Amino acid sequence: MSKSRDFLGRYRLARLIRIGSTAEVWEAIDENSSDNKRYALKVLRESCSADKAEIGLLKHEYNVGKALSSPRIIKMIDLQTDKGRPFLVLELFSELNMKQALRKGPESLAFMLKKIIEQAAEGLYYMHTKNWIHRDIKPDNYLVARDGETKLIDFTIAEPKLTGIKKLFYKSKTVQGTRSYMAPEQIRGKLCDERSDVYSFGCVLFELTTGKPPYTGQTPNDLLSKHLSGSIPSPIVYNDNVTPEFATLIKKMMAKKQEDRPDSVWEFLKEFRAMEIWRKRPRAPEVSVFDDMGSMKSADDMIKRPDGNYDVVKGGDKDKNKEAGE
Ligand SMILES: Nc1ncnc2c1ncn2[C@@H]1O[C@H](COP(=O)(O)OP(=O)(O)O)[C@@H](O)[C@H]1O
Ligand SMILES: [Mg+2]
């Protein structure tokens, strides 16, 4: 690897964490810092690096992230461009997102789920107190560490919460979000508020307890129609170790109408803190999902294709672009 290709700005690219449809996320080292500090760089892929809309989204993500300061939310450090590649500099945290941590089933996290859910909810609640609606709450957008510490990421489609007269002037826009977790009003392009995130968070809780999202569909439209009008499944059907109280709370969060859900994440947290998730306390699995990191690659495992994108030589990230079909 040539030295210049190895660097973006002052950061040496050490390991490709993940490739999405528009961005690559790298672990990078600031070799100028005395302690060789590590960061995560979210870099627009070469094929998108001159795309004004994508650059706009990256800037938007920077601006939202800069306005937030909480241990439950990933820290936004900088927005830079080098060699024509715009990129975000972020606090580096954890090896796994929640979706990856669930790959081996809900047992991987079950024994520390109280902490994970509490911290995940605190991150979202904090965002709402700063008047931002996340709009893409899903397991891929939470990072989880092996001790259960959890942080919220990815503010690409976050929007300010509209209040008062501004609500009246709301015009519906192109629908954005991830199908498996989208609230009915978001699917319909209507005004979203914190209860839309509560809905998506309910879907995340369903997946954390059962290992699967609440709805799947033969086609994208089939999946969306289940969010709009399908009956609300109980997590107990898939995991009878979930307490009835928690199952009822999850179902309430997934109510079709905003007014039937908890009013805020704070309301959720108050109820959640007073209840048990499990009937029988789960044990930690013998092999932690955090020790099974076969798919992680160093930068040296990558080859660059003529189009400028990277191929992962051995294995690869099986989840890549998966959400596009979800
Ligand atoms: N700060 C970070 N530290 C460690 N891993 C991260 C960080 N930010 C993102 N990732 C990893 O990269 C993935 C994609 O990042 P994300 O910001 O969600 O991009 P996208 O907009 O492509 O969904 C995450 O699911 C996570 O696995
Ligand atoms: Mg994401």
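Residues numbered from 1 in each chain as written. Chains lettered and ligands numbered in written order. Predicted model: local features only at pLDDT ≥ 70, side-chain atom pairs only at ≥ 80, totals over all residues.

By the naming in an unreviewed UniProt entry, the chain is mitogen-activated protein kinase kinase, taken from Allorhodopirellula solitaria. Recorded under Sequence similarities (unreviewed entry), the UniProt text for the chain is reproduced unchanged: "Belongs to the protein kinase superfamily. STE Ser/Thr protein kinase family. MAP kinase kinase subfamily." (UniProt positions renumbered as here; feature names shortened; annotations may be inferred.)

Enquirer: Would you mind going over the confidence of the model for the chain in detail, with residue names and values included?
Expert: The pLDDT averaged across the chain works out to 89; a share of 88% of its residues lies at or above 70. The model gives residues 296-326 a pLDDT under 50, and that stretch makes 51 contacts with residues more than four places away or in other chains. (pLDDT = per-residue confidence, 0-100. Contact = placed C-beta atoms within 7 Å.)

Enquirer: How would you sum up the site of ligand 1? Please name residues and give values.
Expert: In the vicinity of ligand 1, 20 residues are found, and the nearest of them are G20, V25, A40, N97 and D154. Sorting the residues of the shell around ligand 1 by element identifies β2 (11-19), β3 (23-30), β4 (38-44) and β6 (85-91) as the ones contributing at least two each. Lining the shell around ligand 1 are residues from two domains, each supplying at least three of them: domain 1 (7-91) and domain 2 (98-293 + 303-323). (Near = placed C-beta within 6 Å. Helix = DSSP H or I, 4+ residues; strand = E, 2+ residues; numbered from the N terminus. Domains from an automatic or database assignment.)

Enquirer: Which residues make up the packing of helix α4 (residues 113-129) against helix α7 (residues 194-210), and what values do they have?
Expert: Taken N-terminus to C-terminus, the directions of α4 and α7 make an angle of 165°; their axes are 11 Å apart at the nearest point. It follows from the interaxial angle that α4 and α7 lie roughly antiparallel. By crossing handedness, the relation of α4 to α7 is classed as right-handed. The segment α4 lies against α7, with L113, I117, A121, L124 and H128 engaging E194, D197, F201, L205 and L208. Its residues assigned to classes, the contact of α4 with α7 comprises seven nonpolar, one polar and two charged. (Axes fitted to C-alpha atoms, helices over the stretch in contact; angles between N-to-C directions. Parallel < 35°, antiparallel > 145°, perpendicular 65-115°, else oblique. Left-handed = near helix turned anticlockwise from the far one by under 90°. Nonpolar A, V, L, I, M, F, W, Y, C, P; charged D, E, K, R; others polar.)

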